[in-house]
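So you can see what is in the structure, the chains are spelled out below.
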Amino acid sequence: MKTGGCLCGEVTYTVEGPLRPVVCCHCQQCRKSSGHYVAATSAGRDCIEITGEVKWFQSSSNARRGFCPNCGSNLFWDGSGENLSIFAGTLDGPTGVQTIGHIFVADKGVYYEITDGLPQAAQDDPKLTTVVK
């Protein structure tokens, strides 16, 4: 079981089950919502239990973003599919997950370079975003 939550502690969650490896998203929406790029893992919706009120923002026609209404911490990205994405930095303690690649690098900020040698996709890459180990 893994745990996590927001900065103020008003929203917490538990995950029972495997976490997808971390994928970094460099799209404009992720950069605007977080102030940089987003590093996210994910888990099956039925494996995640959320305590507290999450405020949801419909960021596109097919996705919404969840954050704490008190401290503003970005917690979740919710699109179609069986998994809910979890912002990796909100997990508590050692998780055992590793970053496996980058998506939407065509949209990345001009102020940084990606130099970790991991796979990069110009847009989405289902091969990266659906991996569960």
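You'll find the structure just up there.
Conventions used here
Residues numbered from 1 in each chain as written. Predicted model: local features only at pLDDT ≥ 70, side-chain atom pairs only at ≥ 80, totals over all residues. Heavy atoms only, no water. Salt bridge = Lys/Arg side-chain N within 4 Å of Asp/Glu carboxyl O. Helix = DSSP H or I, 4+ residues; strand = E, 2+ residues; numbered from the N terminus. Buried < 20%, exposed > 50% of the residue type's maximum accessible area, 1.4 Å probe, protein only. Phe/Tyr/Trp six-rings, centres within 6.5 Å; stacked < 30°, edge-to-face > 60°. Lys NZ or Arg CZ within 6 Å of the ring centre and 35° of its normal.

Asker: I'd like to hear about the pattern of salt bridges, residue by residue, with values.
Answerer: Tallied over the entire structure, the rule returns 2 salt bridges. Note that Asp78 is salt-bridged to Arg64, the shortest N-O span being 2.8 Å. Of this pair, Asp78 sits in strand β8 (residues 74-78) while Arg64 sits in strand β7 (residues 63-67), and the two are 14 residues apart along the sequence. Classification of Asp78 by relative accessible area gives buried; the value is 10%. Take Arg64: its relative accessible area is 29%, and that puts it in the partly exposed class. Three or more residues joined by partner-sharing salt bridges are found here, namely Arg45, Arg64 and Asp78.

Asker: Describe the packing of aromatic side chains, and please don't skip the residues or the numbers.
Answerer: Taken as a whole and assessed by the stated rule, the structure comprises 4 aromatic pairs. Seen in terms of ring centroids, Tyr111 and Tyr112 are 4.9 Å apart; in terms of plane orientation they differ by 70 degrees. Their pairing is edge-to-face. Taking the relative accessible area as the measure of exposure, Tyr112 reaches 9% and is therefore buried. One aromatic cluster is present, formed by Tyr13, Trp56 and Phe76 through successive ring pairs. The side chain of Lys108 reaches across the aromatic face of Tyr112, ending 4.6 Å from its centre.

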